[in-house]
Amino acid sequence: MASETVFSLSKDNDMSTLHIKTNQTKQTTSNSYQNSSYLEMLPNEIFPIIFTNLHHNDIFHIFFDLNQRFRSLVTEFTTHLTIDNNESPKWIDRCMPYIENNIKTMKLRGHHIPYVFTLKYSYSNLRSITITSKGRYEWLMELIIVDNLPVIDVINALNVLHISRFEVHPSYYPYMYEKANSSIFYNWSQNFVDMIPCPAVRRLWCNDCVEDMLFWLGALAPKLTCLELPCLYPDIRTCDSIALVSHISTPRYLTEINIILDSQGSFFRWSDYNNFQTFIQCYQSSLKRVILDFNTDVITDGRWLESLFSPCPHLEYFSFINQCKSKDIDIDDLVQSFKSEWWLDICRPPVFIHKNISNKILIASMPCSFNFYFEFSTDFNTWYLNKEQIESSLIRFTKKPLLTITNTLPFTMKTLELFSHIFSVTNQILWCTNWELLEANDLFEQLTNGTLTQPILPNVKRMVINHSSGITALSFAVWLLLAPNIRTIIFETNRKIDNQSEQWKWLCELSDALLNANEYEKTIFKRIKKVESTCHDKNISHYEWSLKMETLIETIFPEANL
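Quick caveat: nothing in here was measured; it's all calculated off a predicted structure. (Residues numbered from 1 in each chain as written. Predicted model: local features only at pLDDT ≥ 70, side-chain atom pairs only at ≥ 80, totals over all residues. Heavy atoms only, no water.)

**Considering the overall build of the protein**
Thought 1: Check the secondary structure of the protein and you find 20 helices and 19 strands.
Thought 2: In the protein, which comprises 562 residues, the share counted as buried stands at 50%.
Thought 3: Counting contacts in the protein only where the partners sit at least 6 residues apart, residues at least 24 apart contribute 71% of the total.
Thought 4: When the accessible surface of the protein is split by element, carbon and sulfur atoms take 50% of a total near 27100 Å². (Helix = DSSP H or I, 4+ residues; strand = E, 2+ residues; numbered from the N terminus. Buried < 20%, exposed > 50% of the residue type's maximum accessible area, 1.4 Å probe, protein only. Contact = heavy atoms within 4.5 Å. Areas by Shrake-Rupley, 256 points an atom, 1.4 Å probe, with all protein chains shown as cover.)

**Some details on the side chain of Glu521**
Thought 1: Tracing the backbone through its elements, the reader meets Glu521 in helix α19 (residues 519-525).
Thought 2: Of the side chains with opposite charge, Lys522 comes closest to the buried, unpaired Glu521, at an N-O distance of 8.4 Å.
Thought 3: When neighbours within four sequence positions are excluded, Glu521 is seen to be in contact with Phe444, Ala473, Leu474 and Ala477. (Lys, Arg positive; Asp, Glu negative; His and termini not counted. Salt bridge = Lys/Arg side-chain N within 4 Å of Asp/Glu carboxyl O.)

**Points about the packing of helix α16 (residues 440-449) against helix α17 (residues 473-482)**
Thought 1: Where α16 meets α17, the closest approach of the two axes is 10 Å, and the angle between their N-to-C directions is 45 degrees. The pairing of α16 with α17 is recorded here as oblique in orientation. Between α16 and α17 lies a crossing whose hand is left-handed. Judged by residue contacts, Ala440, Asn441, Leu443, Phe444, Leu447 and Thr448 of α16 engage Leu474, Ala477, Val478, Leu481 and Leu482 from α17. (Axes fitted to C-alpha atoms, helices over the stretch in contact; angles between N-to-C directions. Parallel < 35°, antiparallel > 145°, perpendicular 65-115°, else oblique. Left-handed = near helix turned anticlockwise from the far one by under 90°.)

**Details of the environment of Lys530**
Thought 1: Turning to its location among the elements, Lys530 is positioned in strand β19 (residues 530-534).
Thought 2: Judged by relative accessible area, which is 41%, Lys530 ranks as partly exposed.
Thought 3: Put simply, Lys530 and Ile490 are 40 residues apart on the chain and 8.5 Å apart in space, counted from C-alpha to C-alpha.
Thought 4: Not counting residues up to four positions away in its chain, the partners in contact with Lys530 are Arg487, Thr488, Ile489, Ala560 and Asn561.
Thought 5: At 3.5 Å, the side chain of Lys530 forms a polar contact with the side chain of Glu532. (Polar contact = N/O pair within 3.5 Å; in protein donor to acceptor, adjacent residues only side chain to side chain.)

**Regarding helix α7 (residues 150-163)**
Thought 1: Taking 1.5 Å of rise per residue, 14 residues should cover 20 Å, and α7 covers 20 Å from first to last C-alpha, within 8% of that figure.
Thought 2: Counted residue by residue, α7 has 13 buried out of 14 residues, so it is predominantly covered. (Expected span 1.5 Å × (residues − 1).)

**Some details on the sheet that holds strand β15 (residues 402-406)**
Thought 1: Overall, parallel pairing links the six strands, which are arranged β13-β15-β16-β17-β18-β19 in an open sheet. Unpaired on one side and paired on the other, β13 (375-377) and β19 mark the two borders of the sheet. Averaged over all adjacent pairs, the angle separating strand axes in this sheet is 25 degrees, with direction ignored.
Thought 2: Direction of pairing for β15 relative to strand β16 (residues 428-432): parallel, over a ladder of four bridges. (Pairing = 2+ DSSP bridges.)

**Thoughts on the pairing of β16**
Remark: a regular strand shows side chains that alternate across the two faces of the sheet.
Thought 1: Among the five residues of β16, five are classified as buried, and the element is accordingly described as predominantly covered.
Thought 2: Tracing the backbone out of β15, into helix α15 (residues 413-422) and back to the parallel element β16 gives a crossover that is right-handed.
Thought 3: Bridging between β16 and strand β17 (residues 460-465) involves four bridges; their strand directions are parallel. Among the inter-strand pairings, Gln428 is bridged to a residue of β17, identified as Val460.
Thought 4: A crossover connection joins β16 to the parallel β17 through α16; in handedness this β-α-β unit is right-handed. (Right-handed = clockwise from strand over helix to strand, strands pointing away.)

What follows is the structure, given as structure tokens:
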């Protein structure tokens, strides 16, 4: 019986529902096992294995109130607690008194803080707390509890966020020492002794941050080891960074930073990186892992980066990307700035530099694991490397799903093979300014007679078309053969065309070209299972656009859904 029950439990992989078979015997029988579940007959040693495959929430809801034996088993097992976002305060009040002193690590949402961290719970063995706040107030914080009561460290940590001008939910204010006081933020001579630092804060992720906040965090979270900021904006005021640095205690523990310096979502623009540079210099002795995304109008050359990070004795990983627009930049000097002895050292990553036809410049360490938007040119004379060759396995973009190519000349096989090698992310979207293929007839023959069997663009799953340049029935069929995993075509109005008649013109040209396909080409078109339609032009009726799309799909892509 026991083996049958265990099998039925492990059979359900997602374990969201636990099915317990019960002995269906008559109530009149005096056998003590008649109305008990097979589960209750299992030894205690089996339950930790069962609990391991269940979510904490399910463990409590299924087992906690069964009887005293199961309540004890759940209590002993609950050393790592995750409180779900939707868990009610009533559940916390009911269960926490039984498990509080067994918990060693806890993960919870910010809105649970007022119910979980009260003085009635001591959490004597709690050593790690991860708090996540979503929505308007978005941040994540990890605390390591050493000396204080957990509730004290949580209060201090919230206070650090508040004083550093991170937004926290107003419901947390009763749990903080400092109330909102704008004079604190403008008085840079404010005595930090009056504020309570929180050594428990070890990791912080926050969605929005202003430049001067970095120094407040450094002073108020002295043992912070990991800092992740998806949006670091320039400060609008003059920040006395030297005075603030004097309040950052030593030794310094910050080992990992992952920061996006952004000005795209802010009215204020980055004019220089002086304060950011001062912040990095504070932690040169401790930094080990650095990831930086300069999404600004200020270019970062190799000399400046070298001056900033060459003094870091423990630096193990350095990855960066910079996009900016500059017509007058000396591209040769920029490339040369990354050819110093420090950059050419084997410990440093190769650096890729590209200036496209819109005078936008991309500088990125390789391999590049950033997700970004950039239009790549097929003119490889505008592609530069400080070391390695373009065919090297290190020269790759691993997280750029949208492959945007601006080309005036037809594609060659060599060009496509190189793009396929460099852009290795799966589930790619392909967008081009010219779909023409050099020697399309020969390519079609090689692809259909088996001479060319290896797919050139296996990672491309979707194709975006907003013009008819270079598209014929033959070239379109060749594209589907070169990228055999394309199943979705996306038609959208061309943002660069303002004339409504011109928008219809390219769509009609495309329809005519594809309607002229022969029978074999049409069989290739049947691979397309989905067609998406996007109309960005306000002057075009969405009804008319959809109607034309439906006609196109019915005649050319009979297997596709709109």
